[in-house]
Amino acid sequence: MPIVLSKIRVQLKGLRPAYASGQQWGDFNLALVIVAIVVCVLVFIFNLYLLVNYQHPDDKNQAYFPKFVVVLGLSVAAISILMLPADVANRQACQHAIYNGACNLTLPMKDLWLAIYIIDAILVFFVIPFAMFYYEGDQDKTIGKRIKSALIWVVTTAIVCGLVLGILYGVIGKVDFTVRHLSSSTVQFPSSFQFSSGQPCVSNGVRQCSAYDASPSSETTWTMRSTFPEYVVALATIVGSVLFSIFGGVGIACLPLGLIFSFIRRPKAVITRSQYIKEATELGKKARELKKAADALHQEERSGSKGRKWRKNTKALEKELFHLEDDVKALEEMYPQGEKAETTWAMTVLGYLAKLILGVFGLIVSIAWVAHIIIYLLIDPPLSPFLNEVFIKLDDIWGLLGTAAFAFFCFYLLLAVIAGAMMLGLRLVFITIHPMKWGGTLMNSFLFNVALILLCSISVIQFCSTAFAYYAQATAAQEIFGHTLQSLRGIKYLYKYNIFQIAFVVLAGLTFVYYAAFGWRRKKPSGRFQLSS
């Protein structure tokens, strides 16, 4: 007995370093909380910087509520993407703790994910529409009337959406899980243990449990009703996945290739003064024509004749104005003015060189993304974990290096969605044009793009948690986007047959072919107004 007790004491002493390691990782968790708070503050400051520099001069010192919604929405979208790497780091923080209580400073990721989803849904379906209706309301009305009008539109939209969601939830709001009944007979306990991966069970002969070879007839479907919040999140994810597969597939190719071909189409030299005067005169004439058209539309608005024709003409005018601003910018690049004209031209040249470098780097990342989707998601069984292994090896080099690379790939996917939305929004007639321009973005365009980013951010998170399931295993995000979402009745086949991933890869390939065939050409506006040859 004393010998046994001494052995136990030795084993307990051997456990003390592991417990100490858990305490150290607990300190790491405290650092993770501090890093998360600092990142949130930096994201808010950066989005405020974007708002100040992208806003239109007409919106300065006014429209404070839409501006607050824009900053809040952009911050929620960015933080939601960065929460997935934080979830991975949060899991890794306690991987060496001997028990859960030895590492009790982890982030409450489930509660944080739930809070993000609730804020996301409220912003997309209620706050942003209200801000858009309020901003686009008749400026001649009082603030009270504009708020009343915006509330009527939002409440009407909410009632319609609520009825549709309620009907769908009542009819098909169930989850179908495929289960198999397994059973095995008992055998005599062996006198010696000789188990391995090829001999996992206690049995004679083939060394396999009886339940291992269960017949297909033992499979059955276990049905249960999902909770209403889960169903709402699932439908929002489906809508976001449709937009994500379209915009993301196009953007993953056009984001880097657009930068590269922008360098190819760059102005090669400064034009002469006579050429500048000729082009500036032509643009001045076009600007006066646009002003007359804008005055006429404003007069129609005052008279109350805001029909379909008026809205169509307004959109056409916005499109022409957008192209005219591009022409003015191109002309300013080709003929810089002022005392520091040479410096301005040098900065223009350096800017295009930076686009080339970023474009080449982005092209490598885009190719890696598409290759990973094909290798890991579309081929069954996967050929290789690919990027999952890369992140794990980077973590072995330095604790958070793999997590940082993982965060970059997730955030790059969101940038690709934004780039694809901007490209298609200027070419498809059924999408309202809401361009984002440095120093020329109206608040309604800001709000539209923020809603689009928020709606797609949920799908980006779901897509990344699936694409990097090996690296992000045992996280709260993977639990949320696990079998429940992919087993919902009516939409489970979209995930079973990888419809969104296939659409993403196909659109990425078509966009690459399009840019290879036409991207090298000098880009001309599709409207009537353009620089004369």
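Look up: the structure comes first, before these words.
Residues numbered from 1 in each chain as written. Predicted model: local features only at pLDDT ≥ 70, side-chain atom pairs only at ≥ 80, totals over all residues. Heavy atoms only, no water.

Here we look at a nonpolar patch on the surface
Then, number 1: Taken together, the side chains of Ile34, Ile37, Val38, Val41, Leu42, Phe44, Ile45, Leu48 and Val52 define a hydrophobic patch exposed on the protein surface, amounting to about 820 Å² of accessible area.
Then, number 2: Here Leu42 falls in the exposed class, since its relative accessible area comes to 53%. (Patch = residues over 30% accessible without salt bridge, like charges linked within 9 Å, V, L, I, M, F, W, Y side chains within 5 Å. Areas by Shrake-Rupley, 256 points an atom, 1.4 Å probe, with all protein chains shown as cover. Salt bridge = Lys/Arg side-chain N within 4 Å of Asp/Glu carboxyl O. Buried < 20%, exposed > 50% of the residue type's maximum accessible area, 1.4 Å probe, protein only.)

Notes on unusual backbone geometry
Then, number 1: The step from Asp380 to Pro381 runs through a cis peptide bond, and the omega angle for that step is 0 degrees.
Then, number 2: Residue position: Pro381 is located in the loop between helix 8 (341-378) and helix 9 (387-397).
Then, number 3: Located in the positive-phi region is Phe386, a residue other than glycine, with phi close to 55 degrees.
Then, number 4: In this fold, Phe386 is placed in the loop between helix 8 and helix 9.
Then, number 5: Positioned with a positive phi, Asn498 is a non-glycine residue whose angle comes to about 55 degrees.
Then, number 6: Its place among the elements puts Asn498 in the loop between helix 13 (492-496) and helix 14 (499-518). (Helix = DSSP H or I, 4+ residues; strand = E, 2+ residues; numbered from the N terminus.)

As for the environment of Thr237
Then, number 1: Take Thr237: it is sitting in helix 5 (residues 228-264).
Then, number 2: Residue class for Thr237 comes out buried when judged on its relative accessible area of 0%.
Then, number 3: With 225 residues separating them along the chain, Thr237 and Gln462 place their C-alpha atoms 8.0 Å apart.

What about the environment of Ala476?
Then, number 1: Along the chain, Ala476 turns up in helix 12 (residues 476-480).
Then, number 2: The exposure class of Ala476 is buried, given its relative accessible area of 11%.
Then, number 3: Sequence separation between Ala476 and Arg91 is 385 residues, and the spatial gap between their C-alpha atoms is 8.8 Å.
Then, number 4: The residues contacting Ala476, other than those within four sequence positions of it, are Asp87, Met109, Lys110 and Trp113. (Contact = heavy atoms within 4.5 Å.)

Topic: the packing of helix 8 against helix 14
Then, number 1: With their axes 11 Å apart at the nearest point, helix 8 and helix 14 run at an angle of 150 degrees to one another. Viewed along their axes, helix 8 and helix 14 adopt a mutual orientation that is roughly antiparallel. In this structure, the crossing between helix 8 and helix 14 has a hand that is left-handed. Every residue of helix 14 that contacts helix 8 at Val370, Ile373, Ile374, Leu377 and Leu378 is listed here: Gln501, Ile502, Phe504, Val505 and Ala508.
Then, number 2: Grouping the amino acids of the contact of helix 8 with helix 14 by side-chain chemistry returns nine nonpolar, one polar and no charged. (Axes fitted to C-alpha atoms, helices over the stretch in contact; angles between N-to-C directions. Parallel < 35°, antiparallel > 145°, perpendicular 65-115°, else oblique. Left-handed = near helix turned anticlockwise from the far one by under 90°. Nonpolar A, V, L, I, M, F, W, Y, C, P; charged D, E, K, R; others polar.)

Examining the side chain of Asn388
Then, number 1: Relative to the helices and strands, Asn388 resides in helix 9.
Then, number 2: Overall, the relative accessible area of 0% leaves Asn388 in the buried class.
Then, number 3: If sequence neighbours within four positions are ignored, Asn388 has contacts with His372, Tyr376, Ala467, Phe468, Ala469, Tyr470 and Tyr471.

Re the nonpolar core
Then, number 1: Ranked by internal contacts, the top residues of the largest apolar core, which has 79 residues, are Trp113, Ile128, Ile252, Trp369 and Leu413.
Then, number 2: Ranked by residues supplied to this core, first place goes to helix 11 (residues 443-467) with 16 residues.
Then, number 3: Sequence-distant contacts of Ile128, that is, excluding residues within four places in its chain, are made with Val69, Leu123, Leu447, Val450, Ala451 and Leu454.
Then, number 4: Core analysis: the next-biggest nonpolar cluster, separate from the first, contains eleven residues, Tyr231, Leu235, Leu488 and Phe500 among them. (Core = buried A, V, L, I, M, F, W, Y, C linked by side-chain atoms within 4.5 Å.)

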